[in-house]
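# Analysis of the macromolecular model
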Amino acid sequence: MNKSFSLLFYVKSSKISADGTAPVYLRITIDGQRIEISSKRQVIPSKWNTSAQKLTGSGDHARSLNDYLKTLEHQVYEAHQLLLKSKTPPTAANLKSLLLGKEEISSHKMLVPIFEHHNNQVKALLGKEFSKGTYDRYQTSLKHTKDFLMWQYKISDIAITRIDHEFVMAYDFYLRSERSCNNNSTVKYLKNFKKIILICLANGWLDKDPFSKYKPKVKEVKRDFLNAEELATMAKKQLASDRTSQVRDIFLFSCYTGLAYADVKKLKRSEIVIGVDGSEWIATSRQKTDTASSIPLLPQALQLMNKYKDHPQCVNDGLLLPVLSNQKMNSYLKEIADACGITKELTYHIARHTFATTVTLANGVSIESVSKMLGHTNIKTTQHYARILDMKVGEDMNALRKKLQAC
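A brief structural summary.

The strand order β6-β7-β8 describes an open sheet built from three strands, whose pairing is antiparallel. Here the strands that pair on one side only, and so sit at the sheet edges, are β6 (272-274) and β8 (292-296). Each strand axis lies, on average, 35 degrees off the axis of its neighbour in the sheet, ignoring direction. Relative to β8, strand β7 (residues 280-285) runs antiparallel, the two sharing five bridges.

This is the structure we're talking about:
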């Protein structure tokens, strides 16, 4: 037999406190039996809309409180369904017992504090387990999440129990449309957000993974690199100033070592060691992944390294090269590209791609060796550069073709 079931939020005016606010209660009626549960929230009675059962106003406080009450209402309906599924009599007393047997309503978990707590932990571990870049990305993800909540729901925070597949898909759409993020950026921001959801699942605050049916894919990005002719042109070019030449030299050093900007900037002279073959090697660890990276130094890299051994910045700080800020390096690289007639959009990271393609793979160095020198933890990452091998295959087959034609 079906039982009547109704909910009512109301202000208990008989309990007005000294500050003029009164508590909001939830009255649940099942087949004529009533129970009352405190929402643990206070409002000014004159601002309560009795018919709509919500706080009037469009400010953050009103939106946050009304959203909280909706979450509480949703929790009651879930508890009622649980009683029905378990074949427990859905009486008012049983429902109250089930609700109060769970975590107190007042400590219902909200998304933003959990996200902020995670980011604070990352910040506390800077230089130990996380880089500043990682922390900055999580902070940006948090900002996007807050902006999305306001855009989609007109609220500043949300209960984690309201995060479902529909929420994830709406967030995906928001990043692609309102924020104009490309596919890969969207996937990465949602990957950062998913980490927060995984924390909630691990702590038992969520029962279902809202990402279980969200299966985005990172699209392969065409990676520019300098070909052998462009590399030679840059190396020989007489540039307008010593500072521009300095930037060019440091960029070329990365072209011949594969080191990323952050790794060159922190590279110390003490990290130049004698390798297993008796020649000079770089023995360092990647800042991004803390993975060991051992790189034999090519003659071009040795020449560039020794050029700056007496530079004041290198002498005073024990550094191998006098590296400018990433912003300044990239700014100068645009000037250098123009001076050399290079039409590609030159950024520092192109040096790493140039090492992987033009300097190593195109010259027959195995992809396994390249992967180790780049400090990749997975050879699949290195395989993004493998398209250069098709060029090498073409050259080899042309040489074979000429050889056969001569027979």
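What follows covers unusual backbone geometry. It is generally the case that most residues other than glycine have a negative phi and that most peptide bonds are trans. Even without being a glycine, aspartate 31 presents a positive backbone phi close to 50 degrees. Topologically, aspartate 31 is positioned in the loop between β2 (22-30) and β3 (33-43). Residue class for aspartate 31 comes out partly exposed when judged on its relative accessible area of 46%. In the Ramachandran plot, lysine 154 falls in the positive-phi region, its phi being about 60 degrees despite a non-glycine side chain. Tracing the backbone through its elements, the reader meets lysine 154 in the loop between α4 (132-153) and α5 (165-177).

Glancing now at helix α13 (residues 349-360). Over its 12 residues, α13 runs 16 Å from end to end, which matches the ideal 16 Å to within 8%, given 1.5 Å per residue. What α13 keeps buried is the set Ile350, Ala351, Arg352, His353, Thr354, Phe355, Ala356, Thr357, Thr358, Val359 and Thr360.

Enumeration over the complete set of coordinates arrives at zero disulfides. In this model cysteine 314 remains outside any disulfide bridge; the closest cysteine sulfur is found in cysteine 255, 18 Å from its own. Relative accessible area serves as the criterion here: at 4%, cysteine 314 is assigned to the buried category. No disulfide involves cysteine 340; its sulfur sits 11 Å from that of cysteine 255, the nearest cysteine.

Turning to the pattern of salt bridges, a few remarks are in order. Per the stated rule, a full pass over the model turns up 13 salt bridges. Ionic pairing is found between aspartate 147 and arginine 179, a salt bridge with its closest N-O pair at 4.0 Å. Within this pair, whereas aspartate 147 is found in helix α4, its partner arginine 179 is found in the loop between α5 and α6 (183-202), the two being separated by 32 residues in sequence. Residue class for aspartate 147 comes out partly exposed when judged on its relative accessible area of 26%. Assessed through its relative accessible area of 35%, arginine 179 is described here as partly exposed. Across the pair aspartate 249 and arginine 248 runs a salt bridge whose closest N-O atoms are separated by 2.9 Å. Accessibility assignment for this pair places aspartate 249 and arginine 248 in one class, buried. Among the charged side chains, a salt-bridge network with shared partners connects Lys12, Arg27 and Glu36.

Our focus in this paragraph is the side chain of asparagine 183. Of note, asparagine 183 is situated in helix α6. Here asparagine 183 falls in the buried class, since its relative accessible area comes to 15%. Of note is the side chain of asparagine 183, whose polar atom sits 3.2 Å from the side chain of arginine 176. For asparagine 183, the contacting residues outside a window of four places in its chain are Arg176, Lys217, Val218 and Lys219.

Moving on: the packing of aromatic side chains. The full count for this structure, using the stated rule, is 18 aromatic pairs. On the basis of an interplanar angle of 35 degrees and a centroid distance of 6.4 Å, the ring pair of phenylalanine 148 and tryptophan 151 is categorised as tilted. In this pair, phenylalanine 148 and tryptophan 151 are both assigned in helix α4, three residues apart and thus about one turn of the helix distant. Of the residues examined, tryptophan 151 reaches a relative accessible area of 31% and is grouped as partly exposed. In this structure an aromatic cluster arises from ring pairing among Phe148, Trp151, Tyr153, Phe167, Tyr171, Phe173, Tyr174, Phe193, Phe211 and Tyr214. Its guanidinium or amino end placed over the ring of tyrosine 25, lysine 12 lies 4.1 Å from that ring's centre, counting from NZ or CZ.

Criteria and thresholds
- For every chain, the first residue of the written sequence is number 1, and numbering continues from 1 along that sequence.
- At least 70 in pLDDT is required for a residue's local features to be given in this predicted model, at least 80 for side-chain atom pairs to be given and counted, and no such filter applies to totals for whole chains, interfaces and linings, which use all residues.
- As a rule here, side-chain values cover all heavy atoms of the structure and leave hydrogens and water aside.
- Should DSSP find at least two bridges between two strands, the strands are regarded as paired.
- Elements are defined by DSSP. Helices are runs of H or I of four residues or more, strands are runs of E of two residues or more, and each kind is numbered from the N terminus.
- A fitted line through C-alpha atoms represents every axis, and for helices the fit uses only the stretch in contact; the resulting angles, taken between N-to-C directions, go from 0 to 180 degrees.
- Only protein chains enter the calculation, and the probe is 1.4 Å; a residue is then buried if its accessible area is under 20% of its type maximum, exposed if over 50%, and partly exposed in between.
- In this scheme, a helix's expected span is set at 1.5 Å multiplied by one less than its residue total.
- Defined by distance alone, a disulfide is two cysteine sulfur atoms within 2.5 Å.
- A carboxyl oxygen of Asp or Glu within 4 Å of a side-chain nitrogen of Lys or Arg is what we treat as a salt bridge.
- What qualifies as a polar contact is a pair of N or O atoms within 3.5 Å, subject to a donor-acceptor requirement within protein and to the restriction that residues adjacent in sequence count only when both atoms come from side chains.
- The contact rule is simple, with two residues in contact once any of their heavy atoms fall within 4.5 Å.
- Pairing of aromatic side chains requires ring centres within 6.5 Å, counting the rings of Phe and Tyr and the six-membered ring of Trp. Pairs whose planes differ by under 30 degrees are stacked, by over 60 edge-to-face, and all others tilted.
- A ring has a charge above it when a Lys NZ or an Arg CZ is no more than 6 Å from the ring centre and no more than 35 degrees off the ring normal.

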